[in-house]
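# Structural overview for review
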Amino acid sequence: QPEFRARVIRAYERRCAVCSLNHPELLDASHIIDDVLPDGGPVVTNGLSLCKIHHAAYDQNFLGISPDRVVYINRDLLEEKDGPMLKHGLQEMHGRDIRVPRSRAERPDPDRLDVRFQRFLSA
């Protein structure tokens, strides 16, 4: 889905919504709702620009984003002691607001975020 990726990465000004990494070659367009589901269309409001680590964490429900656009990290990961990637890359993101597109029309759909966040909470 190169067109979806291009639109999402552009909307987020070539930055990760979680950590603001500014290297588009390390960014993915993550679906909020999986593209195989009815509300999972390839539209910018169903996408997040995420770096590789945050995309993988989001897909595995280690990282969740609430409908009010706040990052949550899985409790087990918050309590885990490991190296700097865990500490700085994930644990320190807990409680941060995500960066969103300037255009209100391209911002993540709160209803979709809520559906996905409920999945994170139940994981």
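Just so you know, these numbers come straight off a predicted model, no measurement behind them.

The rules behind each value
Residues numbered from 1 in each chain as written. Predicted model: local features only at pLDDT ≥ 70, side-chain atom pairs only at ≥ 80, totals over all residues. Heavy atoms only, no water. Core = buried A, V, L, I, M, F, W, Y, C linked by side-chain atoms within 4.5 Å. Buried < 20%, exposed > 50% of the residue type's maximum accessible area, 1.4 Å probe, protein only. Helix = DSSP H or I, 4+ residues; strand = E, 2+ residues; numbered from the N terminus. Contact = heavy atoms within 4.5 Å. Phe/Tyr/Trp six-rings, centres within 6.5 Å; stacked < 30°, edge-to-face > 60°. Arc of directions from axis to C-beta. Salt bridge = Lys/Arg side-chain N within 4 Å of Asp/Glu carboxyl O.

## Quick look at the nonpolar core
By size, the foremost hydrophobic cluster in this structure holds 28 residues, and its most contacted members are Val18, Leu48, Tyr58 and Leu63. Of all the secondary-structure elements, those providing two or more residues to this core are α1 (2-11), β1 (27-31), β2 (47-51), α2 (52-59), β3 (63-65), β4 (71-73) and α4 (84-90). The biggest single contributor to this core is α1, with 4 residues. In contact with Tyr58, not counting residues within four places along its chain, are Ser30, His31, Ile32, Leu48, Leu50, Leu63, Ile65, Leu113 and Arg116.

## With respect to the packing of aromatic side chains
Under the defined criterion, the tally for this structure stands at 2 aromatic pairs. Seen in terms of ring centroids, Tyr72 and Phe117 are 5.2 Å apart; in terms of plane orientation they differ by 50 degrees. Their pairing is tilted. Linking Tyr72 in strand β4 with Phe117 in helix α5 (residues 110-122), this pair joins segments that are 45 residues apart in sequence. For the ring pair Phe117 and Phe120, a centre distance of 5.6 Å and an interplane angle of 20 degrees mean the geometry is stacked.

## Comments concerning α2
Taken together, the buried positions of α2 are occupied by His54, His55, Ala57 and Tyr58. Along α2, the residues classed as buried sweep out an arc of 165 degrees about the axis, all on the same side. Looking at the packing, one finds that the buried side of α2 touches β1, β2, β3, α4 and α5. Positive phi shows up at Asn61, right after α2, with a value of about 60 degrees.

## Things to note about the pattern of salt bridges
Summed over all chains, the structure comprises 8 salt bridges. The closest approach of N and O atoms between Glu3 and Arg7, which form a salt bridge, is 2.9 Å. Of the two residues, Glu3 and Arg7 are both situated in helix α1; the distance of 4 residues between them amounts to about one turn of the helix. We classify Glu3 as exposed; its relative accessible area is 58%. Assessed through its relative accessible area of 27%, Arg7 is described here as partly exposed. Here Glu13 ties to Arg102 by a salt bridge, and the two come within 2.5 Å at their closest N and O atoms. Here Arg102 lies in the loop between α4 and α5 and Glu13 lies in the loop between α1 and β1, a separation of 89 residues in the sequence. Judged by its relative accessible area of 32%, Glu13 falls in the partly exposed class. The class for Arg102 is exposed, based on a relative accessible area of 68%. Overlapping salt bridges, with partners in common, bring together Glu13, Arg99 and Arg102 in one network.

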